[in-house]
Amino acid sequence: MRRTARLKQTVAKLLIVTSAIVVLCILAVVISHILINGLPLVNLAYLTTDPDISWGNPVGGIRSTVWVSCYLTVIALLVAVPIGVGAAVYFTEYAKVGAFVTALRFAVESLAGVPSIVFGLFGYALFVISLGLQWSILSGGLTLACMILPTIIRTSEEALRSVPSAFREASLSLGATRWQTIWRVVVPSASPGIVTGIILGVGRAVGETAAVMLTAGMSLGFPILPTQPGRSMAVHLYTLAQEHIAYDQSYATAAVLVLVILAVDAAASLIRRRTST
């Protein structure tokens, strides 16, 4: 019996380790392929010039697409962070078990699993058409806010739940109101976890293509006002690769995008490690 149990444990461990190695190898192959083909083309001129997608033209960079990606992300965060953190505070500090709260949680979980193209169609129908915002940075940012909202709510809720109840009790015993306790004790204590969720939301927003294409447009201009259209890095990469325009530049754009996403994920992991120790 002991030998059989040990054999099963060894086989299970071997399968788990093999699965992890396979996943890491696939990830390493994909990332290394993109970086090997793209990094040699990335330089200061490429990062500081605007795109030029003339057929076979090697000139042009990604300055405006980087700007649009940052623009969209900032608008998305300005909308999603207050709503997401506020919803998490409600779920953890005020909500009572009932049909209404259960329905809200189900809605949040459902939003987390909705494909990005559905968010894009929703943003196109609501923001672009119904509200008359047209293809614009504002339409794209609001759509991205809807996309990253479930991530921020769930991670913020977990962070708030991890704060010991003794902190709340100590604050209340000193005469603080419930809101003062939440604002000055609970939220600051949970801020590292909340920031981690926000960073993960940034990573998803930066790499999004379908939703941005349907709401922010594909203009190569350098938008200043949020009512102007623009093209993000992810959309620019899709255009170059799909239409076979300056195919080498698509690798360079992909390399920059991969490095940005890796940096965002690394920042989230670093914050998570510091808070867990």
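To start, this report covers the structure provided alongside it. (Residues numbered from 1 in each chain as written. Predicted model: local features only at pLDDT ≥ 70, side-chain atom pairs only at ≥ 80, totals over all residues. Heavy atoms only, no water.)

**As for the overall build of the protein chain**
Right, so step 1: Assigned secondary structure in the protein chain consists of eleven helices and zero strands.
Right, so step 2: Along the first, second and third principal axes, the C-alpha set of the protein chain runs to 70 × 65 × 35 Å.
Right, so step 3: Here the protein chain holds 277 residues, and 38% of them are scored as buried.
Right, so step 4: Long-range pairs, those at least 24 residues apart, make up 72% of the contacts in the protein chain with a sequence separation of at least 6.
Right, so step 5: About 15,500 Å² of surface is accessible on the protein chain, with carbon and sulfur atoms providing 70% of the total.
Right, so step 6: Seen as two clouds, the 18 positive and the 11 negative side-chain charges of the protein chain have centres 17 Å apart. (Helix = DSSP H or I, 4+ residues; strand = E, 2+ residues; numbered from the N terminus. Buried < 20%, exposed > 50% of the residue type's maximum accessible area, 1.4 Å probe, protein only. Contact = heavy atoms within 4.5 Å. Areas by Shrake-Rupley, 256 points an atom, 1.4 Å probe, with all protein chains shown as cover. Lys, Arg positive; Asp, Glu negative; His and termini not counted. Charge placed at Lys NZ, Arg CZ, Asp CG, Glu CD.)

**Examining the packing of aromatic side chains**
Two aromatic rings are characterised by how far apart their centres lie and by the angle between their planes.
Right, so step 1: Summed over the entire model, instances satisfying the criterion amount to six aromatic pairs.
Right, so step 2: Between the aromatic rings of W67 and F222, the centroid separation amounts to 5.5 Å while the plane-to-plane angle is 10°, which identifies the pairing as stacked. Here F222 lies in the loop between α9 (210-215) and α10 (233-242) and W67 lies in helix α3 (residues 63-94), a separation of 155 residues in the sequence.
Right, so step 3: Residue F222 is classed as partly exposed on the basis of its relative accessible area, which comes to 34%.
Right, so step 4: Each ring, one from F122 and one from F127, has its centre 6.1 Å from the other, and the planes form 80°; the classification is edge-to-face. (Phe/Tyr/Trp six-rings, centres within 6.5 Å; stacked < 30°, edge-to-face > 60°.)

**Examining the packing of helix α7 (residues 165-173) against helix α8 (residues 178-206)**
Right, so step 1: At a minimum axis distance of 10 Å, the contact between α7 and α8 shows a crossing angle of 145°. Relative to α8, the crossing made by α7 is right-handed. Across from F167, R168, S171 and L172 in α7, the residues of α8 making contact are R178, T181, V185, V186 and S189.
Right, so step 2: Its residues assigned to classes, the contact of α7 with α8 shows four nonpolar, three polar and two charged. (Axes fitted to C-alpha atoms, helices over the stretch in contact; angles between N-to-C directions. Left-handed = near helix turned anticlockwise from the far one by under 90°. Nonpolar A, V, L, I, M, F, W, Y, C, P; charged D, E, K, R; others polar.)

**Re the pattern of salt bridges**
Right, so step 1: Per the stated rule, a full pass over the model turns up five salt bridges.
Right, so step 2: The partner of R63 in a salt bridge is D50, and the shortest N-O contact between them spans 2.9 Å. Here R63 is found in helix α3, whereas its partner D50 is found in the loop between α2 (44-48) and α3, with 13 residues between them in sequence.
Right, so step 3: R63 gets classed as partly exposed once you look at its relative accessible area, which sits at 36%.
Right, so step 4: Between R154 and E109 there is a salt bridge whose closest N-O contact spans 3.4 Å. Taken together, the residues span a long stretch of sequence, with R154 in helix α6 (residues 137-161) and E109 in helix α4 (residues 99-112) at a distance of 45 residues.
Right, so step 5: Given a relative accessible area of 34%, R154 falls into the partly exposed group.
Right, so step 6: Residue E109 is classed as partly exposed on the basis of its relative accessible area, which comes to 46%.
Right, so step 7: Linked by salt bridges that have partners in common, R105, E157 and R161 make up one network. (Salt bridge = Lys/Arg side-chain N within 4 Å of Asp/Glu carboxyl O.)

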